[in-house]
There are 4 protein chains.
Amino acid sequence: MASRGINKVILIGNLGQDPEVRYMPGGNAVTSITLATSETWRDKQTGEAKERTEWHRVVFMGMLAEVAGKHLKKGSQVYAEGKLRTRKWQDQSGQERYTTEVLVDSFTGVMQMLGGNGGGKQQGASCQPRPTPQPAQSPANNEPPIDYDDDLPF
Amino acid sequence: MASRGINKVILIGNLGQDPEVRYMPGGNAVTSITLATSETWRDKQTGEAKERTEWHRVVFMGMLAEVAGKHLKKGSQVYAEGKLRTRKWQDQSGQERYTTEVLVDSFTGVMQMLGGNGGGKQQGASCQPRPTPQPAQSPANNEPPIDYDDDLPF
Amino acid sequence: MASRGINKVILIGNLGQDPEVRYMPGGNAVTSITLATSETWRDKQTGEAKERTEWHRVVFMGMLAEVAGKHLKKGSQVYAEGKLRTRKWQDQSGQERYTTEVLVDSFTGVMQMLGGNGGGKQQGASCQPRPTPQPAQSPANNEPPIDYDDDLPF
Amino acid sequence: MASRGINKVILIGNLGQDPEVRYMPGGNAVTSITLATSETWRDKQTGEAKERTEWHRVVFMGMLAEVAGKHLKKGSQVYAEGKLRTRKWQDQSGQERYTTEVLVDSFTGVMQMLGGNGGGKQQGASCQPRPTPQPAQSPANNEPPIDYDDDLPF
DNA sequence: TTTT
DNA sequence: TTTT
């Protein structure tokens, strides 16, 4: 409803892999992607070209989760606008861990496919067989589980 | 020098504690703050007012580190514009951990104190004794160590 | 509903005068403010300190128009997030003119008063008599008239 | 050098025509483009699909002016980050006019071509003859003249 | 893991 | 841990 402060993230990057779509108990989709942004620069001493790639975990909720799951794929270029969200979870040994994500909900977030649809999935035929979509399942061992309670502002 | 993609974070929030200033071997300051942003909303079922506070770790480099260390204090309201950066580090047991920060360097980042200096430190006299500034020292146990190599684009 | 492209403006500045609130035929409020942002720099040749102030015309629609009209005043510091909008109008001599505004609607825009309420109107008593709020009236000669048709996306 | 306030514009759009490159007396390039962003929505009463296109005048200075002039063309999709700037000029009849532009300078601005270079000019051969680049010349009658004095912060 |  |  209201807010104090501004929490805004704007990313343009390419997907490192196909989106993962999961479904909440209530039936709502939640789609996660990893997005690469990179910086290149020239080393002051050696003059060498350098590059650093940053990987972002972006989570779409609501209607945008459906759209992202349907239209994005590995390599797609996308604009995502959302907010930072750090989730606490426990690893196998019971230790507290934190994961920071960019949350893009359908009320305050924005998602746009870039590049004249060259970045998105083909509408008609697909050139290559792609892995079947991820069904709702337990997360892999090293990955923070998603356990959104019902009680969130979006 | 160049880049592929956009990696931008815009925050307005209040400092949870006084800034921590550290000095790199080369003498450059690095200042860290924790910034709170909050959202409030009304629960759809119960109608209760809810609030969620998000805490952001923001790291200033270069000239902005000096300014932030000198002029910000616990409770200050600040605008920070930077980029996401996830650092890998090892905890006591040797396990890999990741911490995501908002990096505000003096070339591409922005820092502004808000609120007509009401948010910043008083120029003349200080009302309350404040803890002495953090000297360069080993980080606390649970905190990711900062170990920036020399090789970064800022 | 959907969009192609991104059109986003983020401003933090101080109001040059009290907000102007007008009411549309349907009863909706539209509030306009002028917001100053400034840059300072040092002249490369002379070494003199320079300053340039930019004035922005910002228009709030919907619920934010009510809030802005009620809580902002001359001198308030405010965060406004909206989109660019250029309106065509005709001056007295019938010539086409264009005015570019930052439109902040209640669906995609954001408004936040900054500075620990020091920037907003006092809740209780007002220190100084302020001019009575602008009633719906014909715009001054040199000012572009607002004539929003009913047909807009917000 | 310093600043009070934030003045930031973020656009993603397509060029309506090829860029116009001009050269200042000192030899620096200034490149102007017009960028379209569009919104689509459904009319609440009639249910009709509606679309509104907004045209933005974007001006690149410094190194980015060179890059924009060389690599962008009509139809290119581009990310531009800059600041609002309203210039005063006089029309033929001596009347004061104002034009608002998005100024993207090479210190604080950002420009990125989007769409896997599909949006930019081809490197090797050009498919179609394109109009020769605009030499430095007097502006068209209805267009605001560019007359930057030497005295600006970028 | 992407993209150039 | 901030702020309202």
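See above for the structure.
Residues numbered from 1 in each chain as written. Chains lettered and ligands numbered in written order. Predicted model: local features only at pLDDT ≥ 70, side-chain atom pairs only at ≥ 80, totals over all residues. Heavy atoms only, no water.

Some details on the relation of the copies chain C and chain B
Both copies of the chain are tied together by a single rotation about an axis and a shift running along it.
Point 1. After a rotation of 180° and a shift along the axis of 0.0 Å, chain C superposes on chain B with an RMSD of 0.0 Å. Such values leave the two copies arranged in the relation of a two-fold axis. Across chain C, the rotation axis passes nearest the C-alpha of Gly115(C), at a separation of 1.6 Å.
Point 2. Mapped onto chain B, 100% of the interface residues of chain C are again interface residues, and the two copies thus contact each other with one and the same surface. (Least-squares fit on C-alpha atoms with pLDDT ≥ 70 in both. Contact = heavy atoms within 4.5 Å.)

Notes on helix H1 (residues 63–71) of chain B
All names here are of chain B.
Point 1. All buried positions along H1 are accounted for by Leu64, Ala65, Ala68 and Gly69. Projected onto a plane normal to the axis of H1, the buried residues spread over an arc of 130° and lie on a single side. Counted as exposed and oriented over 90 degrees from the buried face of H1: Met63 and Lys70.
Point 2. Tucked into the core, H1 has its buried residues touching strand S3 (20–23), strand S4 (29–42), strand S5 (49–61), strand S7 (96–104) and strand S8 (110–113). (Buried < 20%, exposed > 50% of the residue type's maximum accessible area, 1.4 Å probe, protein only. Helix = DSSP H or I, 4+ residues; strand = E, 2+ residues; numbered from the N terminus. Arc of directions from axis to C-beta.)

Overview of the protein's contact with DNA strand F
Point 1. The local shell around DNA strand F consists of Arg4(A), Asn14(B), Leu15(B), Gly16(B), Gln17(B), Thr34(B), Ala36(B), Thr53(B), Trp55(B), Lys74(B) and Gly75(B).
Point 2. Between DNA strand F and the protein, one listed contact pairs a base oxygen with a side-chain N or O atom of Thr34(B) at 3.2 Å.
Point 3. At 2.9 Å from a base oxygen of DNA strand F is found a side-chain nitrogen or oxygen belonging to Thr53(B).
Point 4. Tallied by class, the residues present in the surface near DNA strand F amount to 3 nonpolar, 6 polar and 2 charged. (Near = heavy atom within 4 Å. Polar contact = N/O pair within 3.5 Å; in protein donor to acceptor, adjacent residues only side chain to side chain. Nonpolar A, V, L, I, M, F, W, Y, C, P; charged D, E, K, R; others polar.)

As for the interface of chain C and chain B
Point 1. Across the boundary between the two partners, chain C contributes 7 residues, which contact 7 residues of chain B.
Point 2. Counting the surface chain C buries against chain B, the share from its top three residues, Ile12(C), Gln77(C) and Leu114(C), is 54%.
Point 3. On the surface where chain C and chain B come into contact, there are 0 salt bridges.
Point 4. Counting across the interface, chain C meets chain B through 2 residue pairs in polar contact (both at pLDDT 80 or more).
Point 5. Those elements that provide at least two residues to the side of chain C that touches chain B are strand S2 (6–15) and strand S6 (77–90) of chain C.
Point 6. Its residues assigned to classes, the side of chain C that touches chain B shows 4 nonpolar, 3 polar and no charged. (Buried area = accessible area lost by both parts, 1.4 Å probe. Salt bridge = Lys/Arg side-chain N within 4 Å of Asp/Glu carboxyl O.)

What about the relation of the copies chain C and chain D?
Point 1. Note on the identical chains: chain C maps onto chain D by a rotation of 180° and an axial translation of 0.0 Å, with an RMSD of 0.0 Å.
Point 2. Looking at chain C, 100% of its interface residues are interface residues in chain D too, so the copies touch through the same face.

Here we look at the protein's contact with DNA strand E
Point 1. In the neighbourhood of DNA strand E, the contacting residues comprise Asn14(A), Leu15(A), Gly16(A), Gln17(A), Thr34(A), Ala36(A), Thr53(A), Trp55(A), Lys74(A), Gly75(A) and Arg4(B).
Point 2. When the atoms of DNA strand E within 4 Å of the protein are sorted by group, sugar and phosphate make up 42%.
Point 3. Between a sugar or linking oxygen of DNA strand E and a main-chain N or O atom of Leu15(A), the distance comes to 3.3 Å.
Point 4. Breaking the surface near DNA strand E down by element, the ones donating at least two residues are strand S2 (6–15), strand S4 (29–42) and strand S5 (49–61) of chain A.
Point 5. Considered class by class, the residues forming the surface near DNA strand E number 3 nonpolar, 6 polar and 2 charged.

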